[in-house]
Structure formats: C-alpha cells, structure tokens
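Summary of structural features
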Amino acid sequence: MQCGWPLLGPLQWMRYVNKQVKVKAGKDEERRGWLLTVDPVSASLVLVNFGEEGRASVQVVMGHAVEEVEVLQEADEETTRRLQTSFLPPQTRSLEPAELRRRRGGVRRWLEKNRFPVEEEGDELRVAGVLTIAAPYGPDDCCSSNQIILDRIQKLMRNQAQPAADHPETDPA
C-alpha cells in the first residue's frame, strides 16, 4: 500500500490485521511487526513483536506518519491466537458455586453495613441502582458509568476488614 493510509478506511485496513507488516513512516523510519489493530479515528497502527518467555512488545505508528505498509507474512493459527489473546485479562480460576455465594454474601453484607443499598440480580450485585459487581466479586469486578461511585465502592471493597477469625485479638470470646 502506497501513500494515503489514513484515507483507506477500516474495511481496507482489516486486510492487514493479523499479518506481519513492514511500515515505512517518515524519513528512513521503518517498523516491522504483527499488525494487531488500527485505530479507526487516527489510522494509527498497533504493531506487536513476540519475544522470549511469551512476552510481547508493542509499538504504535501514528497514522498521519504512515507512508507505506507492506505485508511480509500471513499469520499461522498459533500467531493469530497469540495476537488475539495477548492483551486479554488473565482468566480467573474457576470457583465453586458455594465459594461464589459466600463471596457475594460477604460483599453484600459489607456494603450494607456501610449503608449502601444492595440488590441481588441473578449472579450480580447491584449497588444504589448504578453499579454492578460480577463474580468473583472483587474491586476490579465493579462496573458503573458513574466514576465517583465506582471509585468509592472499589476503595471501600479494598479496605474491607478481614474476618474476626483472622484477628484473634479482636475476638470478644
């Protein structure tokens, strides 16, 4: 592909995704890597190179600077899988339903103790009608469009007191 990379548009850019490319940008500037994606607004390319021990390095080439993109190699199945999964969050280990219920109940009690209205909706907790907490019910499992409430609930959950069994000196018995 010659000049005019930003003008090609998403349908043309998709032809380059999951392929090893050589990108010429600016004077004597050349980058190589597997094209992970193209930003639809700026036409910037996200290139990934895999190193030892499963590590990946990422380079972003700004769309306005791209002069030429050349396909060097098609990705095999393994490379495509690595590209698609390299930047996903690590899978949480499967928890038993009883453990999930225990966690959900503990979070619910803690939030109610701190005077937040909580409702159960299926496997999720709904807080004040504007925030949901999904399994496994940790601070990073919260979702809300209200950033202030999201921050407060996550902070509260991170500061949650440990059960009395972990602190025998505070046990009244």
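What this report covers is the structure whose coordinates are included nearby. Values in this document were obtained by computation on a predicted structure and should not be read as measured data. (Residues numbered from 1 in each chain as written. Predicted model: local features only at pLDDT ≥ 70, side-chain atom pairs only at ≥ 80, totals over all residues. Heavy atoms only, no water.)

1. Some remarks on a nonpolar patch on the surface
Residues Val58, Val60, Met62 and Phe87 make up a contiguous nonpolar surface patch of about 370 Å² in total accessible area. Among the structural elements, valine 58 can be located in strand S4 (residues 56–61). (Patch = residues over 30% accessible without salt bridge, like charges linked within 9 Å, V, L, I, M, F, W, Y side chains within 5 Å. Areas by Shrake-Rupley, 256 points an atom, 1.4 Å probe, with all protein chains shown as cover. Salt bridge = Lys/Arg side-chain N within 4 Å of Asp/Glu carboxyl O. Helix = DSSP H or I, 4+ residues; strand = E, 2+ residues; numbered from the N terminus.)

2. Re the state of the cysteines
In total, this model carries zero disulfides according to the counting rule given. Cysteine 142 provides the cysteine sulfur closest to cysteine 143, a residue in no disulfide bond, and the two sulfurs are 8.8 Å apart. (Disulfide = S-S within 2.5 Å.)

3. A short note on helix H5 (residues 147–158)
An ideal rise of 1.5 Å per residue puts 16 Å on 12 residues; H5 measures up with 16 Å between its terminal C-alpha atoms. Those residues of H5 lying buried are Leu150, Ile153, Gln154, Leu156 and Met157. Buried positions in H5, seen along its axis, are confined to an arc of 160° and lie on one side of it. The outward face of H5, more than 90 degrees from its buried face, is lined by the exposed residues Ile148, Arg152 and Lys155. Buried residues along H5 sit against helix H4 (97–113), strand S7 (124–127), strand S8 (131–133) and strand S9 (142–143). Two to three positions downstream of the cap, the backbone nitrogen of isoleucine 148 sits 3.1 Å from a side-chain oxygen, assigning the N-cap of H5 to asparagine 146. (Expected span 1.5 Å × (residues − 1). Buried < 20%, exposed > 50% of the residue type's maximum accessible area, 1.4 Å probe, protein only. Arc of directions from axis to C-beta. Contact = heavy atoms within 4.5 Å. Polar contact = N/O pair within 3.5 Å; in protein donor to acceptor, adjacent residues only side chain to side chain.)

4. With respect to unusual backbone geometry
Residue proline 136 is bonded to the preceding alanine 135 through a cis peptide linkage, with omega at 10°. Summarising the element assignment, proline 136 is placed in the loop between S8 and S9. A positive phi is found at aspartate 28, a non-glycine position, where the angle reads about 55°. Among the secondary structure elements, aspartate 28 is positioned in the loop between strand S1 (19–25) and strand S2 (30–38). Assessed through its relative accessible area of 79%, aspartate 28 is described here as exposed. You will see that tyrosine 137, though not glycine, has its phi angle at about 70°, which is positive. If you trace the backbone, tyrosine 137 turns up in the loop between S8 and S9. The class for tyrosine 137 is buried, based on a relative accessible area of 5%.

5. A closer look at the pattern of salt bridges
Under the definition given, this model contains 13 salt bridges. Here glutamate 112 makes a salt bridge to arginine 108, at a shortest N to O gap of 2.9 Å. Of this pair, glutamate 112 and arginine 108 are both found in helix H4, four residues apart, which corresponds to roughly one turn of the helix. Take glutamate 112: its relative accessible area is 36%, and that puts it in the partly exposed class. One salt bridge in this structure joins aspartate 140 and arginine 158, with 3.0 Å as the shortest N-O distance. With aspartate 140 in the loop between S8 and S9 and arginine 158 in helix H5, this pair connects stretches of sequence that are 18 residues apart.

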